[in-house]
Amino acid sequence: MSPAFLYALVGVGLFTLGLYALIVHAHLLRKILAINVMASGVFLVLVALAARTQGAAPDPVPHAMVITGIVVAVSATALALALMLRVRAETGRAELAEEPLE
Amino acid sequence: MSDIHWPVIVILLPLAGGVACFLWPRRSVLLGLLTALGVVACVAGLGWQVVEQGAQRYAVGGWGAPLGIDLYADGLSLLMLTVTAVVGLGISVYSSGYFERARYGQDRARHFWPVWMFLWTALNALFLSADIFNLYVTLELLGLAAVVLVALAGGADAVSGAMRYLLVSLLGSLFYLLGVALLYHSFGSVDIAILAERVEPSPAVWAAMGLMIAGLLLKTALFPLHFWLPSAHASAPAPVSALLSALVVKASFYILLRLWLEIFPFANAALAQLLGLLGAAAVFWGGFQALRQTRLKMLIAYSTVAQLGYLFLAFPLASITGWTGALYMLLSHAAAKTAMFMAAGNTLYFGGHDRIADLDRAVQRMPLTMTAFALAGISIMGLPPSGGFIAKWLLLEAAIRSGQWWWGGVLILGGLLSAAWVFKVVGYAFTRSEAPHEARAVPATMEWTALLMAVLAILLGLFAPWLLALLEIGSPFNRENAG
């Protein structure tokens, strides 16, 4: 097993871990963090799989994708945090109601 | 005129318009309307180019695939751009009345226009993207803009709906991105045309396909992944609900269609059957839930869940007739649902509530709006000569030709469910309610745009041959896998 493959597996692990946390935790901050962990997992997969053959220089294209992805993730996180504060201001709790509104 | 790079202009114009609306908030209504007209003109220019010269490919910055970003416009992209432009123009005109400063607050009126222009930019860029990574970026831009617009309504319902929508949207995008990573690793490209040549079945491809399809289904709100849609669509301001239901959910369906036809033509029949079954379940569940709702906007939102189900009936049919039927459904639903949400917005504006039981003789007091609702209802039910009828006819024909007549049963029962809730609403609109309420005059622009969109949904039935010819340009449907 090459180290790159191992990293990619860790990435998939992070993705799964984040998905689990997103589902089980109710607090919005935890959900937002879980999404970020998932995103990091995907980025790790992209970066790790860029090293196609051992020893050769890695493929730069996935690295460019990760940079784009990070920009997207940062702006999404900013929006999510701002929304979370609004949810708290409106409902008094940083959680979503279990039952969708009527 | 033939050497103008329309694909770039179609993306840059709404972006520039959005920035202008942001910089000069006092003039935002005028700037927004001018931009909307400009985008319609530019899409027409692109359409002319595509019809005259065939599918267009444009390498941004002259780099070209596989390193650079390519824009690609064929008949399918053009169709999506056109429906976006037409519905977008209608929504812009409607919003100029809806976000009236005095009533809706300076802030919201100010924020609506730039975000709506950015959303339009994202939609146009999405329909013109030629590679799966660019599709991811545009999908995220679209999702973020849509979430902001939902939150614009303010209040606990809208903010919670927006938050749920944001989490779902990000989750779907991440599934999609992981799929992109696997595909890039396997074939060294993200360009759809290059991938179409190189892709062959392997475990990594199956995993990528599963991840991407799951992510996109979540974003398209296919039953049972529709849980986020009703609250987000119903709690948004009316023009926003209209554009979410008409355009935003269709964008992820468009990506799914592209991937299915071009990159995953070897997807097995069992998966197609599963998508068809989920579509059928969505038709019944959405229709049934719509019938149960007491609020007009919630009802229309559930009807969107049902109508999205029809789109997926084309997967098991897997014929050109089936795909064109689904696309026709997409078009006519966009026009009809826009008209319906606009009509709901008018009743909300008029009486300050959208309780169906208290519509209180809306027919006499707002004849134009209720006509719009009823006409849109005709298309949603699928009665001739509406666009919805042509769509169901094509799907029915495809079902019978492929020897899977039971999908036709879904179409007919779904139509009956729609008819039930349309007549329920229209019935209440004729009767006097127990608690009469204060009424406020609705601006004429809002009533007329709702009516025009509804008339368009009906007229779509008459344009069918012309629009279907458009799909043939550089069509992904002509490959042997689709027929």
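Just so it is clear, the structure is predicted and the values come from calculations on it, not from any experiment.

### Some points on the overall build of chain A
On a plain count of helices and strands, chain A comes out with 3 helices and 0 strands. Element order for chain A, N to C, with α for helix and β for strand: α-α-α. In summary, chain A has a C-alpha radius of gyration of 17 Å against a globular reference of 13 Å for 102 residues, an excess of more than 25%. Projected onto the principal axes, the alpha-carbon positions of chain A cover approximately 55 × 25 × 20 Å. Counted over contacts in chain A with a minimum sequence separation of 6, partners at least 24 positions apart contribute 55%.

### Focus: the overall build of chain B
Counting its secondary structure elements, chain B contains 21 helices and 2 strands. With respect to the three principal axes, the spread of C-alpha positions in chain B is 65 × 55 × 40 Å. Looking at chain B residue by residue over its 483 residues, the buried ones come to 63%. The long-range fraction of contacts in chain B, counting pairs at least 24 apart against all pairs at least 6 apart in sequence, stands at 80%.

### What to know about the confidence of the model for chain B
Of the residues in chain B, 96% reach a pLDDT of 70 or more, and the chain-wide mean stands at 89. Reported confidence for the predicted complex is 0.94 by ipTM and 0.94 by pTM.

### So, the domain arrangement of chain B
For an interface, size is often stated in terms of accessible area lost upon the parts coming together. Residue and element names in this part refer to chain B. Taken domain by domain, chain B consists of domain 1 (1–128), domain 2 (130–233 + 257–267) and domain 3 (272–483). The straight-line distance from the C-alpha centre of domain 1 to that of domain 3 is 25 Å. Taken together, the 18 residues of domain 1 in the interface contact 21 residues of domain 3. Elements represented by at least two residues in the side of domain 1 that touches domain 3 include exactly α2 (28–53) and α3 (75–98). If one sorts the elements of the side of domain 1 that touches domain 3 by residue count, α3 sits on top with 13 residues. When the residues that make up the side of domain 1 that touches domain 3 are grouped by side-chain class, the tally is 12 nonpolar, 5 polar and 1 charged.

### Section: the interface of chain A and chain B
Counting from both sides, the interface comprises 30 residues of chain A and, opposite them, 27 residues of chain B. Broken down by secondary-structure element, the contributors of at least two residues to the side of chain A that touches chain B are α1 (3–24), α2 (28–49) and α3 (60–91) of chain A. For the side of chain A that touches chain B, the element with the most residues is α3(A), which contributes 15 residues. When its residues are assigned to classes, the side of chain A that touches chain B shows 23 nonpolar, 4 polar and 3 charged.

### Looking at the nonpolar core
Side chains of a nonpolar character, in soluble globular proteins, are inclined to be buried together. Residue and element names in this part refer to chain B. Residues Val150 and Ala339 are the most contacted members of the largest nonpolar core, which totals 235 residues. Looking at this core, the element that brings in the most residues is helix α7 (residues 155–187), giving 21 residues. Every residue in contact with valine 150, bar those within four places of it in the chain, is listed here: Ala158, Gly161, Ala162, Tyr165, Ala232, Ser235, Ala236 and Val240.

### Let's talk about the packing of helix α1 (residues 6–23) of chain B against α2(B)
Residue and element names in this part refer to chain B. Axis separation between α1 and α2 bottoms out at 9 Å; the angle between their running directions is 180°. By the angle between their axes, α1 is roughly antiparallel relative to α2. Here α1 contributes Trp6, Pro7, Ile9, Val10, Leu13, Pro14, Gly17, Ala20 and Cys21 to the contact with α2, which in turn contributes Ser28, Leu31, Gly32, Thr35, Gly38, Val39, Cys42, Val43, Gly45, Leu46 and Gln49. Taken together, the residues of the contact of α1 with α2 break down into 13 nonpolar, 7 polar and no charged.

### Quick notes on the environment of Thr369(B)
Residues and elements named next belong to chain B. Structurally, the position occupied by threonine 369 is in helix α17 (residues 367–381). The buried category is assigned to threonine 369, around which 28 C-beta atoms lie within 10 Å. Linking threonine 369 and leucine 217, residues 152 residues apart in sequence, is a C-alpha distance of 33 Å. Ignoring anything within four residues of it in the chain, the contact list for threonine 369 reads Ala343, Asn346, Thr347, Glu447 and Ala450.

### Description of the environment of Gly387(B)
All names here are of chain B. As for its placement among the helices and strands, glycine 387 is situated in helix α18 (residues 387–401). The spacing of glycine 387 and leucine 462 is 75 residues in sequence and 7.6 Å in space, taken between C-alpha atoms. Not counting residues up to four positions away in its chain, the partners in contact with glycine 387 are Tyr328, Leu331, Ser332, Ala335, Ser379, Ala457, Leu460 and Gly461.

### Focus: the packing of α17(B) against helix α20 (residues 444–459) of chain B
Residue and element names in this part refer to chain B. Where α17 contacts α20, the axes come no closer than 8 Å and their chain directions differ by 20°. On the basis of their axis angle, the class for α17 and α20 is roughly parallel. For the crossing formed where α17 meets α20, the hand is left-handed. On the side of α17, the interface is formed by Leu368, Thr369, Thr371, Ala372, Leu375, Ala376, Ile378 and Ser379, while α20 contributes Glu447, Trp448, Ala450, Leu451, Ala454, Val455, Ala457 and Ile458. Here the residues of the contact of α17 with α20 sort into 12 nonpolar, 3 polar and 1 charged.

### What about unusual backbone geometry?
Residues and elements named next belong to chain B. Here the amide bond leading from phenylalanine 223 into proline 224 is cis, since omega sits at 0°, within 30 degrees of zero. Relative to the elements of secondary structure, proline 224 occurs in the loop between α9 (203–220) and α10 (229–235). Positioned with a positive phi, alanine 318 is a non-glycine residue whose angle comes to about 45°. When you line up the elements, alanine 318 lands in the loop between α14 (314–317) and α15 (320–351). On the basis of neighbour counts, which here come to 20 C-beta atoms within 10 Å, the residue alanine 318 falls in the buried class.

### Focus: α1(A)
Here α1(A) contains 22 residues, and its C-alpha end-to-end distance of 32 Å stays within 8% of the 32 Å for a straight helix at 1.5 Å per residue. Residues of α1(A) that are buried in the fold lie against α2 of chain A together with α7 of chain B.

### Some points on the environment of Leu244(B)
Position of Leu244(B) relative to the elements: it lies in helix α11 (residues 238–263). Separated by 12 residues in the primary sequence, Leu244(B) and Ala232(B) have C-alpha atoms spaced 9.0 Å apart.

What counts as what
Residues numbered from 1 in each chain as written. Chains lettered and ligands numbered in written order. Predicted model: local features only at pLDDT ≥ 70, side-chain atom pairs only at ≥ 80, totals over all residues. Helix = DSSP H or I, 4+ residues; strand = E, 2+ residues; numbered from the N terminus. Rg over C-alpha atoms; globule rule 2.2 N^0.38 Å. Contact = placed C-beta atoms within 7 Å. Buried ≥ 20, exposed ≤ 12 C-beta atoms within 10 Å, placed from the backbone. pLDDT = per-residue confidence, 0-100. Domains from an automatic or database assignment. Nonpolar A, V, L, I, M, F, W, Y, C, P; charged D, E, K, R; others polar. Core = buried A, V, L, I, M, F, W, Y, C linked by C-beta atoms within 7 Å. Axes fitted to C-alpha atoms, helices over the stretch in contact; angles between N-to-C directions. Parallel < 35°, antiparallel > 145°, perpendicular 65-115°, else oblique. Left-handed = near helix turned anticlockwise from the far one by under 90°. Expected span 1.5 Å × (residues − 1).

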